[in-house]
Amino acid sequence: MGIRITPSVLNADLANLNAEIARIPSCDAVHLDVMDNRFVPNLTFGLPVVERVRSGTDKMLDVHLMIAEVDRWAPGYAEAGAESVTFHIEASDAPVKLARQLRSLGARASMGLRPATPIEPYEDLLGELDMVMLMTVEPGFGGQSFLDIMLPKIRRTRALLDKTGGDIWLQVDGGISAETIERCAEAGADTFVAGSAVYGANDPDAMVRELGRMAKAATKCC
Ligand code: DX5
Ligand code: ZN
């Protein structure tokens, strides 16, 4: 099982995104939080900004769509060259159709779950996905405290993903830091969003490497 650190730029300088991304060369992907003030009570940026970020970096782009009517908007992000697109299951009317569409456009298809959404009803969909993303805070804002009560869901999701026999990544998003990453890795997460922990550090790239080292040690992974 590989370990990936995918920092969120939400708490970076949003007016200088490509410069902020250049500060974290050790990251495995850049996590971009798209919010529409409907699905979540906050507003960030949309497709035009992601297109400009795409043209300024070769890093893998991991787009996290916290938007309503996601079936309508998500394919545009794949067309813009995002390698991974996460849609929230709570916002999708036709998740299987959407996942297939994202894959046909060349992106990894990822399903996100809010903290109160259980994974079990979606077991039969897992084979359609390249990643499951579990929110470990209520989506909408960076800098919130990690919800420990999500650890059992991480474990149950890992068990379901292992059952599929495929290589489906398990991402956690919200409150991930040097204080919490080991618990998440032990529970079975392999892909870690960290926003304020990375961009609040004196040396963001050193923090990316440290988080990766801690997660690998916790899973005894390569
Ligand atoms: C919150 C976003 C997260 C956020 C993480 O809704 O999805 O990606 O930026 O920030 P931290 O790591 O500060 O919780
Ligand atoms: Zn996010």
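Below, the structure is looked at part by part. None of these values were measured; they are calculated from a predicted model.

### As for the overall build of the protein
- Scanning the protein from terminus to terminus reveals eight helices and eight strands.
- Looking at the protein as a whole, 56% of its 222 residues are labelled buried.
- Put simply, of all contacts in the protein between residues at least 6 apart along the chain, 63% involve residues at least 24 apart.
- Total accessible area on the protein stands at roughly 9,400 Å², and carbon and sulfur atoms take up 50% of it.
- A gap of 2 Å separates the mean positions of the 22 positive and 31 negative side-chain charges of the protein.

### Observations concerning the site of ligand 1
- Taken together, 20 residues are adjacent to ligand 1, and G140, G143, D173, G195 and S196 come closest.
- D33 is positioned with one of its side-chain polar atoms (N or O) 2.9 Å from an oxygen atom of ligand 1.
- Between ligand 1 and S196 there is a distance of 2.5 Å, counted from an oxygen atom to a side-chain nitrogen or oxygen.
- Computed on the free molecule, ligand 1 has an accessible area of 380 Å², of which 99% lies beneath the protein chains in the complex.
- Broken down by secondary-structure element, the contributors of at least two residues to the shell around ligand 1 are β2 (30-35) and β3 (61-66).
- Sorting elements by how many residues they give to the shell around ligand 1 places β2 first, with three residues.
- Along the lines of polarity and charge, the residues of the shell around ligand 1 split into eight nonpolar, 10 polar and two charged.

### Considerations on the pattern of salt bridges
- Taken as a whole, this structure holds 15 salt bridges when the rule is applied.
- In this structure, R38 engages E69 in a salt bridge whose closest nitrogen and oxygen atoms are separated by 3.2 Å. Highlighted residues: R38 in the loop between β2 and α2 (47-56) and E69 in the loop between β3 and α3 (70-79), separated in sequence by 31 residues.
- Close ionic contact of R100 with E128 constitutes a salt bridge, the shortest N to O distance being 2.7 Å. A residue pair is termed long-range when its members are at least 10 positions apart, and R100 in helix α4 (residues 95-104) and E128 in the loop between β5 (108-113) and β6 (131-135) qualify at 28 residues.
- Each of the salt bridges in this network shares a partner with another, and the network as a whole consists of R4, R158, D162 and D190.

### Comments concerning the coordination of the zinc ion (ligand 2)
- At 2.0 to 2.3 Å from the zinc ion (ligand 2) lie its protein donor atoms, namely H31 (NE2), D33 (OD), H64 (ND1) and D173 (OD).
- Along the chain, the residues donating to the zinc ion (ligand 2) are arranged with the sequence spacing H-x1-D-x30-H-x108-D. Linking H31 in strand β2 with H64 in strand β3, this pair joins segments that are 33 residues apart in sequence. Pair check on accessibility: H31 and H64 agree, each one buried.

### Focus: α2
- All buried positions along α2 are accounted for by V50, V53 and R54. What you see down the axis of α2 is that its buried residues fit within an arc of 105 degrees, all on one side. Away from its buried face by more than 90 degrees, α2 exposes P48, R52 and S55.

### Thoughts on the side chain of R54
- Along the chain, R54 turns up in helix α2.
- A distance of 2.9 Å separates the side chain of R54 from the side chain of E83, its partner in a polar contact.
- For R54, the residues in contact, after removing those within four places along its chain, are K59, L61, A80, G81 and E83.

### Quick notes on the layout of surface pockets
- Of the voids in this model, the largest pocket is the one considered here, and its volume is about 260 Å³.
- Lining the largest pocket are 25 residues; nearest its centre among them are F141, G142, D173, G174 and G175.
- Taken together, the elements giving at least two residues each to the lining of the largest pocket come down to β2, β3 and α7 (196-199).
- Tallied by class, the residues present in the lining of the largest pocket amount to 11 nonpolar, 12 polar and two charged.
- Its boundaries defined by the atoms lining it, the second largest pocket holds a volume of some 170 Å³.
- Around the second largest pocket sit V34, M35, D36, R38, F45, G46, I67, A68, E69, R72, W73 and Y77, which together line it.
- Counting residues per element, the ones that place at least two in the lining of the second largest pocket are β2 and α3.
- No other element matches the three residues that α3 contributes to the lining of the second largest pocket.
- Partitioning the lining of the second largest pocket into residue classes produces seven nonpolar, one polar and four charged.

Cut-offs and rules
Residues numbered from 1 in each chain as written. Chains lettered and ligands numbered in written order. Predicted model: local features only at pLDDT ≥ 70, side-chain atom pairs only at ≥ 80, totals over all residues. Heavy atoms only, no water. Helix = DSSP H or I, 4+ residues; strand = E, 2+ residues; numbered from the N terminus. Buried < 20%, exposed > 50% of the residue type's maximum accessible area, 1.4 Å probe, protein only. Contact = heavy atoms within 4.5 Å. Areas by Shrake-Rupley, 256 points an atom, 1.4 Å probe, with all protein chains shown as cover. Lys, Arg positive; Asp, Glu negative; His and termini not counted. Charge placed at Lys NZ, Arg CZ, Asp CG, Glu CD. Near = heavy atom within 4 Å. Polar contact = N/O pair within 3.5 Å; in protein donor to acceptor, adjacent residues only side chain to side chain. Nonpolar A, V, L, I, M, F, W, Y, C, P; charged D, E, K, R; others polar. Salt bridge = Lys/Arg side-chain N within 4 Å of Asp/Glu carboxyl O. Donors = N, O, S within 2.8 Å, 3.2 Å for Na, K, Ca; no water. Arc of directions from axis to C-beta. 1 Å grid on protein atoms, 1.4 Å probe; cavity = no way out; pocket = protein on both sides within 12 Å on 5 of 7 lines; lining within 4 Å. Points joined across faces, edges and corners; volume = space filled by probe spheres on them.

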